[in-house]
Every structure is written in structure tokens, then in C-alpha cells.
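Here is how the chains run, residue by residue.
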Amino acid sequence: MSSQRVAVLVVAAGRGSRAGGGLPKQYRPVHGRPVLGYSLEAFARHPLVDMIRVVIHPEDLPLYREAGGALELMEPVHGGETRQESVYLGLISLKEQAPDVVLIHDGARPVVEPGLIARVIEACAHYPGAIAAMPVTDTLKRARADHDGMALIDGTVSREGLWRAQTPQGFRYADILSAHEQARGRTYTDDAAVAEAAGLTVALVEGGRDNLKITLPGDFDTAGELIREHGHVMQMETRLGTGFDVHKFGPGDKVMLCGVPIPHDRGLVGHSDADAGLHALTDALLGALGAGDIGQHFPPTDEKWKGASSDRFLRHAVSLIEERGGRVVHLDVTLICERPKVGPHREAMIRRIAEIAGLPPKRVNVKATTTEQLGFTGRREGIAAQAAATIALPAEG
Ligand code: MG
């Protein structure tokens, strides 16, 4: 029944607080790629799918763009306060396209197999709705609590006829839109429940044992194994960037170099803390990412960065890479000056850079050289630093 026009609505507007801190779970990287990227690719590649729209949180647009990569997707729409509200807004946004069938899928289910998607779509040719689900195979116990709160078995529940609902959940578009309109003001835990409440018949089709919904922190490791097994591991490519920076000496009694304060008979002049080492490293990372330079991200005309500690610049560059599903492989910086002597501080600098960038120290190198008393560094007028950064990024093909 491939004559049906099939839309997919991927719900990715949640904040995922149960899955641990940091990015919302659907944007956290697994094998260097955001979880949502796997979910979207499964549908984007599917021959029976005609269009894909993602419902996102308004703050997540840059994360969404990275997760979507080069996949062919409709413009995203903003979700609401609850998942049900987000689905409703997504459904409304498809009024113009008016597909025959819409599949609704959780963005945090990255291992959805093509056969499963096809089963749901085909069943929607025969029923108003069809969802992926797995028959319950474990024996079910009802619990009661003893006086200490320990759970005790109160009885065994028959598992006969019981299924665990997954997504995608597919419906005839007009039917599910109308069911969601009727459901306004009442809360349901999935779209099938919304459909049931509207009296629609919904079929159960065989889901996927590996169609995991990432919910808790430990689920990321499981998802990583499943994604590897299913052969969806993203190709990474290596990128290199370089950076260069100079700051001149001025009055003072210490200089900041690579995040370490070093006593000296002069200071360094700059809008921020004038840490040429961290500035060169930041530019090297931005260069590898293709994200411009430090001045674009932290304009020296902005009073906000006056006297700023430069560790935040480096950390920002690292976070941009992580948001793209990438990681830093190696950082190398050369400090060019006659004085102060760098050698005694080299280990502390390596540790500090590693700490700021979230790397093991062996992935950081600090070198020092003089210019044989030639030029401005030779005349002790200032300090120069140059850096190289190697990063791994999801290949864009
Ligand atoms: Mg600078």
C-alpha cells in the first residue's frame, strides 16, 4: 500500500531530566553522534516515508540542526509543555501537507529497524492506528509494601494479552488529529491511548527487542552497544586547526599562561586575562571546527569579557565541538618567549589545559621556545603562542 502518503512526526521537545545532567537526552552523543541523529536517519532512509518533521524545544534549534546534519527534513516546529501537547502541535503543523498516515516516534529511540517501520505503515492501511509493541514475556507481580517500605509480592498478574507499547505509533492523519483535539485537557501516556479514548481501533504489530527508549543514565551505554550491533555507527573524520596569538608586556607582577599564573616582573596586557596560550588553543579548536575565531565568539569590544578568565573561552570551543557530536583528540601549544621560563610550569600547564578541556593529560602537549633574542619576543616586548588542535567530527560526506 505504498500509495499512502506517510509523514513521520519525531517528538524531541523534552528535557530528559531522568537521563542525567548536561544536554537533553535526545541530543547527547552516542559514538560521537546525537541520539536523535540515529532516530531521524532510520526514517529518512526508509522508502515508505515521504516527509519527516521534528517537534523541538525552542531553545534546541542549534542542537537540532547538528543532529539533523544533511538529512532531508521539514522545518522543525516548537513543542509544548507536555509530550501530548507537543504531538498535538506537530499534528496541526501537518495540516497543509495532510498526509494519509502519520507515524509518531520518540526522538530518544535510536534503534528503530526498517522492517518495524514498514509493519506499522502497512497495518495503517487496514486499521485507523497501529503501534509497535512487544508481548510481555516476564511473569508479572503485583507488589505491596511492608511497614519498612520493602516491596512484597501481593499476587501474580496474568500476562496473557499484555503488550508493552513502543513507538513508532502510526495513525490515519485525520483520525489522530481529531482524537488529539478531543483529548485536550486530559492526559494520556501515549498516542495510542489518545486514539483509544476517541474510539479508534488500534492494531499491535511486532516491535523491536532493541527498540530501546533512552530514559535513565545507564541506557546510553546499552544504546551504544545496540547501535554498534545494528551497524549504525557514524563515520568520524579527523580535522586539524591552528591558532596564533600575541600579547605584549605591561606593568604587573605575574602573567597567565595556559591557565597557570606565573610570577614575573611584568604582566601581559589584554582585554581578558591576556592568556596567549589559551587563546591560541581556543582558535585552533575553532579552526578545526570551522567556527571562525575567538574574536567572533568573544568580541574584545564587549565589556562582558573585560578581565575574563580565558578558561571559559577554551571550554566554550570544546562545548561547540561536543554539540556537533565530536571530540577533541589532541591539543598542542608552543609558547614563544625569552622570559618567563616555561619549563618549571610545563606540567602544571598540561594539567590545567587537560582539566579545562575535559581531556586526559596525555592528550595535551606544551612546548616552549625562544626566538634567539630576535624580533619582539626576543626583545622581551611580549609573548606569542601558536597551537594545533586535532578533533574528530561526524563525517558529513
Ligand atoms: Mg589574545
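Cut-offs and rules
Residues numbered from 1 in each chain as written. Predicted model: local features only at pLDDT ≥ 70, side-chain atom pairs only at ≥ 80, totals over all residues. Heavy atoms only, no water. Buried < 20%, exposed > 50% of the residue type's maximum accessible area, 1.4 Å probe, protein only. Helix = DSSP H or I, 4+ residues; strand = E, 2+ residues; numbered from the N terminus. Pairing = 2+ DSSP bridges. Contact = heavy atoms within 4.5 Å. Axes fitted to C-alpha atoms, helices over the stretch in contact; angles between N-to-C directions. Parallel < 35°, antiparallel > 145°, perpendicular 65-115°, else oblique. Left-handed = near helix turned anticlockwise from the far one by under 90°. Nonpolar A, V, L, I, M, F, W, Y, C, P; charged D, E, K, R; others polar. Patch = residues over 30% accessible without salt bridge, like charges linked within 9 Å, V, L, I, M, F, W, Y side chains within 5 Å. Areas by Shrake-Rupley, 256 points an atom, 1.4 Å probe, with all protein chains shown as cover. Salt bridge = Lys/Arg side-chain N within 4 Å of Asp/Glu carboxyl O. Core = buried A, V, L, I, M, F, W, Y, C linked by side-chain atoms within 4.5 Å.

Right, let's talk about helix 1 (residues 35-44) for a bit. Across the 10 residues that make up helix 1, a large majority, nine, are buried. Of all the residues in helix 1, the buried ones are Val-35, Leu-36, Gly-37, Tyr-38, Ser-39, Leu-40, Glu-41, Ala-42 and Phe-43.

Here the focus is the pairing of strand 9 (residues 151-157). Summarising the sheet, strand 8 (residues 140-145) and strand 9 pair through six bridges and their orientation is antiparallel. Directly across from Leu-140, in strand 9, lies its bridge partner Val-157. Here strand 8 folds back onto strand 9 in antiparallel fashion, the turn holding five residues, of which Gly-149 has a positive phi close to 95°.

Spatially, 15-12-18-16-17 is the arrangement adopted by the five strands of the open sheet, whose pairing is mixed. The open sheet terminates on both sides in strands that have one partner only, identified here as strand 15 (267-268) and strand 17 (364-369). Relative to strand 15, strand 12 (residues 236-250) runs antiparallel, the two sharing two bridges. The residue of strand 15 that forms the bridge with Phe-249 is Leu-268. Sitting on the sheet, helix 11 (residues 346-357) touches strand 16 (327-336) and strand 17, and the angle it makes with strand 17 is about 140°.

This next bit is on the packing of helix 8 (residues 276-289) against helix 10 (residues 311-323). Two numbers describe how helix 8 lies on helix 10: the axes approach to 9 Å, and their chain directions differ by 15°. Comparing their axes, helix 10 and helix 8 come out roughly parallel. For the element pair helix 8 and helix 10, the recorded crossing hand is left-handed. Judged by residue contacts, Leu-278, His-279, Leu-281, Thr-282, Leu-285, Leu-286 and Leu-289 of helix 8 engage Asp-311, Phe-313, Leu-314, Ala-317, Val-318, Leu-320 and Ile-321 from helix 10. A breakdown of the residues in the contact of helix 8 with helix 10 according to their chemical character gives 11 nonpolar, two polar and one charged.

Nonpolar side chains collect at one region of the surface, where Phe-244, Val-246 and Phe-376 lie side by side and expose about 250 Å² of accessible area between them. Within the secondary structure, Phe-376 is located in helix 12 (residues 375-378). In this structure Phe-376 comes out as partly exposed when scored by relative accessible area, which is 34%.

All right, on to the nonpolar core then. Residues Leu-285, Leu-331, Val-333, Leu-335, Met-349 and Ile-353 are the most contacted members of the largest nonpolar core, which totals 49 residues. Listed in part, the 31 residues of the second largest apolar core include Ala-42, Cys-124, Ala-132 and Val-205.

For the coordinates displayed, the defined rule picks out 16 salt bridges. Residues Arg-144 and Asp-154 are paired through a salt bridge, measuring 3.5 Å at the closest nitrogen-oxygen approach. Of this pair, Arg-144 sits in strand 8 while Asp-154 is found in strand 9, placing the two residues 10 residues apart along the sequence. For Asp-154, a relative accessible area of 45% translates into the label partly exposed. Each of Arg-83, Asp-106, Arg-109, Asp-191 and Lys-213 takes part in one network of salt bridges that share partners.

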